[in-house]
There are 4 protein chains.
Amino acid sequence: MRAKNSSPEQRSLTEQARRAQIVEAAVEVIADEGYAKASFARIATKAGLSSTGLITYHFANRQDLIDSIVDEVMTAFAGHVRERVDAEFAPAARLDAFVSANLDFIRTHRKHLVAVLDITAGSRTTLAKIMKADIDALEDLLVQGQRQGEFRAFHPRSVAIAIRSMRDGILRVLSVEPDFDLTSYEHELRTLVRLATSGEIP
Amino acid sequence: MRAKNSSPEQRSLTEQARRAQIVEAAVEVIADEGYAKASFARIATKAGLSSTGLITYHFANRQDLIDSIVDEVMTAFAGHVRERVDAEFAPAARLDAFVSANLDFIRTHRKHLVAVLDITAGSRTTLAKIMKADIDALEDLLVQGQRQGEFRAFHPRSVAIAIRSMRDGILRVLSVEPDFDLTSYEHELRTLVRLATSGEIP
Amino acid sequence: MRAKNSSPEQRSLTEQARRAQIVEAAVEVIADEGYAKASFARIATKAGLSSTGLITYHFANRQDLIDSIVDEVMTAFAGHVRERVDAEFAPAARLDAFVSANLDFIRTHRKHLVAVLDITAGSRTTLAKIMKADIDALEDLLVQGQRQGEFRAFHPRSVAIAIRSMRDGILRVLSVEPDFDLTSYEHELRTLVRLATSGEIP
Amino acid sequence: MRAKNSSPEQRSLTEQARRAQIVEAAVEVIADEGYAKASFARIATKAGLSSTGLITYHFANRQDLIDSIVDEVMTAFAGHVRERVDAEFAPAARLDAFVSANLDFIRTHRKHLVAVLDITAGSRTTLAKIMKADIDALEDLLVQGQRQGEFRAFHPRSVAIAIRSMRDGILRVLSVEPDFDLTSYEHELRTLVRLATSGEIP
DNA sequence: GATGAATGAGGTTTCATTCAT
DNA sequence: CATGAATGAAACCTCATTCAT
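Basis of the calculations
Along every chain, residues carry numbers that run from 1 in the direction the sequence is written. Throughout, the order in which chains and ligands are written sets their labels, letters from A for the former and numbers from 1 for the latter. Where local features are concerned, this predicted model is filtered to residues with pLDDT of at least 70; where side-chain atom pairs are given and counted, the filter is 80 or more; whole-chain, interface and lining totals use all residues. Calculated side-chain values reflect all of the structure's heavy atoms, with hydrogen atoms and water omitted. What counts as a helix is a DSSP run of H or I of at least four residues, what counts as a strand is a run of E of at least two, and both are numbered from the N terminus. A 1.4 Å probe rolled over the protein chains alone gives each residue an accessible area, and that area as a share of the maximum for its type sets the label: buried under 20%, exposed over 50%, partly exposed in between. Here, residues are in contact when the closest pair of their heavy atoms is within 4.5 Å. What marks off one domain from the next here is an automatic or database domain assignment. Buried area is calculated as the accessible area (1.4 Å probe) missing from two parts once they are joined, with the contributions of both summed. Here the aromatic set is Phe, Tyr and Trp, taking the six-membered ring for Trp, and pairing holds for ring centres within 6.5 Å; pairs whose planes are under 30 degrees apart are stacked, those over 60 apart are edge-to-face, and all others are tilted. Salt-bridge detection follows one rule: a side-chain nitrogen of Lys or Arg within 4 Å of a carboxyl oxygen of Asp or Glu. A 3.5 Å cut-off defines polar contacts: any pair of N or O atoms within that distance qualifies, except that in protein one atom must be a possible hydrogen donor and the other a possible acceptor, and neighbouring residues in sequence count only when both atoms are side-chain atoms. A least-squares fit on C-alpha atoms brings the copies together, and the residues used are those whose pLDDT is at least 70 in both copies. Only heavy atoms are used to decide nearness, and a residue is near a molecule or strand if one of them lies within 4 Å of it. Gly is put with the polar residues, along with every residue not named as nonpolar or charged; the nonpolar set is Ala, Val, Leu, Ile, Met, Phe, Trp, Tyr, Cys and Pro, and the charged set is Asp, Glu, Lys and Arg.

### Here we look at the overall build of chain A
Alright, step 1. When helices and strands are counted, chain A shows nine helices and zero strands.
Alright, step 2. Counted from the first residue to the last, chain A has its helices and strands arranged as α-α-α-α-α-α-α-α-α.
Alright, step 3. The principal-axis extents of the C-alpha atoms in chain A amount to approximately 65 × 35 × 30 Å.
Alright, step 4. Across the 202 residues of chain A, 50% fall into the buried class.
Alright, step 5. If you take every contact in chain A between residues at least 6 apart in sequence, the share linking residues at least 24 apart comes to 65%.

As structure tokens, then:
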């Protein structure tokens, strides 16, 4: 019997634990070896499962597992960032909080984010969905700053894409160079974002 | 006898043409459907070949084909950019030329660059190689500008990564939204890069 | 402790009820979707059970469940037909009663019989057993009629096969066209059987 | 590269031979062990192939193989029967030719027909298609006989179903008892059909 | 040079069955 | 009695690669 159609609330503790375990193993495999090599067999081995059947038992199919990874990681990520952003009031401060919250989360969840980056690169539909969500949120922040006169005049969507790109870019570096030190990059990124946006709209 | 191990110089005209044809077809398939779905079968079909055997006949193996795509595209890309950069003298102008040359090439070779982006996302070793080359070149440009006092003080490698990321990021957007208009993005990108670097080192 | 190996007499009421429930669900699934798609998972779902484990708990294995379905349906079927046949005395009347009793049961138990038909089509050993029983019974009826001089001379086993085939054939039609109207078919079948057998042995 | 989309005409001799070989092996396996047990692995073994991959190479998928079997067998069957039927003129003679042609073909192609019977039992859509074609053809024959006054009044579709059922029924017997002697059955079947239809419409 | 045929490894998924609780 | 979790075999299918012609 499958757990396929069960909604998150009705999952037993055992099931939640197993799902989490599988998701973690998948994250590890994807982050370490790349999405292309993340077969059920490797994931099962990494998770210490006796067969790939257990994965299909807990997830409807491959896409379901992948979606679960993305959902879980991005929900945590977005939550972390939103909390930090919402602690600030002025747009410039909020934007700076956004950048530093991003970097913090990257530091503590490198593998998870690299895994999601890899997934989105290998799955266009997932990429489209996530990218839109990210960029929309950033754009809102920027437009807000412009309305309040804190930010200069610029094309908000383009700048949103640029900022998001700089965050993603460092993940790509990390996927190849896991020990890359983020200190300098964070400093420069915050500076760049400030320089890019500051200046009142004339 | 196989053509596999022959070095570029030894290739006959026919062979060069076939290789180019296969590379073009592969680019198209990867750009349109993603790296994951770019099987030899699809590439052969797109190229109008009757058998995947021909691909293995002209390329030692899959990796060889992929490397050829990347080599070809990146060589042309780098050549185009270098030419435009070298036409300028002052670091700031060279950097601006770099950005606009990048965008121009993206406009005219969208599919090729999206394909390479997809490939690098799916193959860590390729990614590492390309990224290093790109960032090194950019870093040189930035260091030069700082030495000549045109650029402010910043961590050159970090800013190089940031600039390269903004270029890559727009390719990800294009991979999902092929008709995205680059005009505004190019404008903002040039502005951002100028704002990010300008100011003499004190 | 398992209920698997218990003989029918030893079964508790609860257990009998569960078995019946599972058998009914299996009949439904097989009749609706075909034997090939009648997995334990589908049967459990149809029966409103939470696990396929319950099926294996009550039945030794798949074959046991299938056998139970066939046994139950065919016992009821045979009982119904025998009762109707035994109400008549003359062979011709008994044979006619046999045909009309068959059709009546088909009308009231279409799904059950379609399920059994599907099962026998998918399991040679089951088919052999049932077919032999059916044909033997019919053959007895025919031989009796010949002995009493009511039926013409014919090869009884062949005619038995033919009559049984016409009964099975309509089930195949019903498996594809559940709403097929049996009225005309019953009329023709009774006529055919009468025409096929009537005439004294010279 | 696959031969998937090739139409029958453009198949090479080698390919035609391989396809025929695989079809024959599949027929044998299905006739001997039943449709349910006819996995690619068994078919490949029976055909002496080194891997199941070769089956997928020559047939788009399982359904394609199954369809090919059915097509091939039923085309030959229908051709044989039609030829024999068309050699006669009067409806009664045509119907008798139909029956005896059916039996002849069953004798020479037992395995093929048993295989098709098994396939249709395991695949509702295929069953529906074939049954409709068979019954339609028979019904035409019967209606023709009624129009010309050679046949008595009866419901043509029902009698068509009955006749076809008697033909199918003997195949089921053969699937379990391959050495069953058809002589008596053929005799009785021809008699039954004659008795069932003869007599002018009043 | 080119091709179609063949191969076998490896992918996801389905499934009946077992077992601890 | 019943359940959910786990297992591993087997299914179909895709694929890169090899090879005879």
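### Digging into the domain arrangement of chain A
Residues and elements named next belong to chain A.
Alright, step 1. What the domain assignment reports for chain A is domain 1 (1–60) and domain 2 (68–197).
Alright, step 2. Averaged C-alpha coordinates put domain 1 and domain 2 at centres separated by 28 Å.
Alright, step 3. Residue-level contacts link 12 residues of domain 1 with 10 residues of domain 2.
Alright, step 4. Across the domain 1/domain 2 interface, buried area totals approximately 1000 Å², and carbon plus sulfur atoms make up 67% of it.
Alright, step 5. In terms of surface lost to domain 2, no three residues of domain 1 exceed Val 27, Ala 31 and Tyr 35, which account for 46% of the buried area on that side.

### Details of the packing of aromatic side chains
Residues and elements named next belong to chain B.
Alright, step 1. Across all of its chains, the model carries eight aromatic pairs over all chains by this definition.
Alright, step 2. Taking the centre distance of 4.7 Å and the plane angle of 15° together, the rings of Phe 77 and Phe 105 count as stacked. Here the residue Phe 77 occupies a position in helix H4 (residues 62–86), and Phe 105 occupies one in helix H5 (residues 91–108), the gap between them amounting to 28 residues.
Alright, step 3. The exposure class of Phe 77 is buried, given its relative accessible area of 3%.

### Brief notes about the interface of chain A and chain B
Alright, step 1. Contacts between the two partners involve 41 residues from chain A and, on the opposite side, 41 residues from chain B.
Alright, step 2. Both faces combined, the contact of chain A with chain B buries some 3200 Å², and carbon together with sulfur accounts for 64% of it.
Alright, step 3. The largest share of the area that chain A buries against chain B comes from Arg124(A), Arg172(A) and Glu188(A), three residues that together contribute 23% of it.
Alright, step 4. Counting across the chain A and chain B interface gives six salt bridges.
Alright, step 5. Between Arg172(B) and Asp168(A) there is a salt bridge, with the nearest N and O atoms lying 3.1 Å from each other.
Alright, step 6. The tally of links from chain A across to chain B stands at 14 residue pairs in polar contact (both at pLDDT 80 or more).

### Concerning the relation of the copies chain C and chain D
Think of it as a corkscrew move, a rotation about one axis and a shift along it, taking one chain copy to the other.
Alright, step 1. Between chain C and chain D, which share one sequence, the superposing operator has a rotation angle of 179° and an axial displacement of 0.0 Å; the RMSD is 0.2 Å. Expressed as a symmetry operation, the mapping of one chain copy onto the other fits a two-fold axis.
Alright, step 2. Both copies share a contact surface, since 100% of the interface residues of chain C are interface residues in chain D too.

### Focus: the interface of chain C and chain D
Alright, step 1. Contact residues are listed per partner, giving 41 residues for chain C and 41 residues for chain D.
Alright, step 2. In this assembly, chain C packs against chain D so that about 3200 Å² is buried in total across both faces, 64% of it on carbon and sulfur atoms.
Alright, step 3. When the buried surface of chain C facing chain D is broken down by residue, Arg124(C), Arg172(C) and Glu188(C) rank first, second and third, together holding 23% of it.
Alright, step 4. For the pair chain C and chain D, the interface holds six salt bridges.
Alright, step 5. Sorting the residues of the side of chain C that touches chain D by element identifies helix H1 (13–33), helix H6 (110–122), helix H7 (124–147), helix H8 (156–176) and helix H9 (183–197) of chain C as the ones contributing at least two each.
Alright, step 6. A per-element tally of the side of chain C that touches chain D places H8(C) first, with 14 residues.

### Describing the protein's contact with DNA strand E
Alright, step 1. For DNA strand E, the set of nearby residues contains 34 residues, the closest of which are Ser12(B), Phe40(C), Ser12(D), Ser50(D) and Tyr57(D).
Alright, step 2. Put simply, 67% of the atoms of DNA strand E that lie within 4 Å of the protein are in sugar or phosphate.
Alright, step 3. Here Phe40(C) contributes a backbone N or O atom positioned 2.7 Å from a phosphate oxygen of DNA strand E.
Alright, step 4. Thr52(C) places a polar side-chain atom, nitrogen or oxygen, 3.3 Å from a base oxygen of DNA strand E.
Alright, step 5. For the surface near DNA strand E, the elements supplying multiple residues, two or more each, are helix H3 (53–58) of chain B, helix H3 (53–58) of chain C together with helix H1 (13–33) and helix H3 (53–58) of chain D.
Alright, step 6. Class assignment of the residues belonging to the surface near DNA strand E gives a composition of six nonpolar, 19 polar and nine charged.

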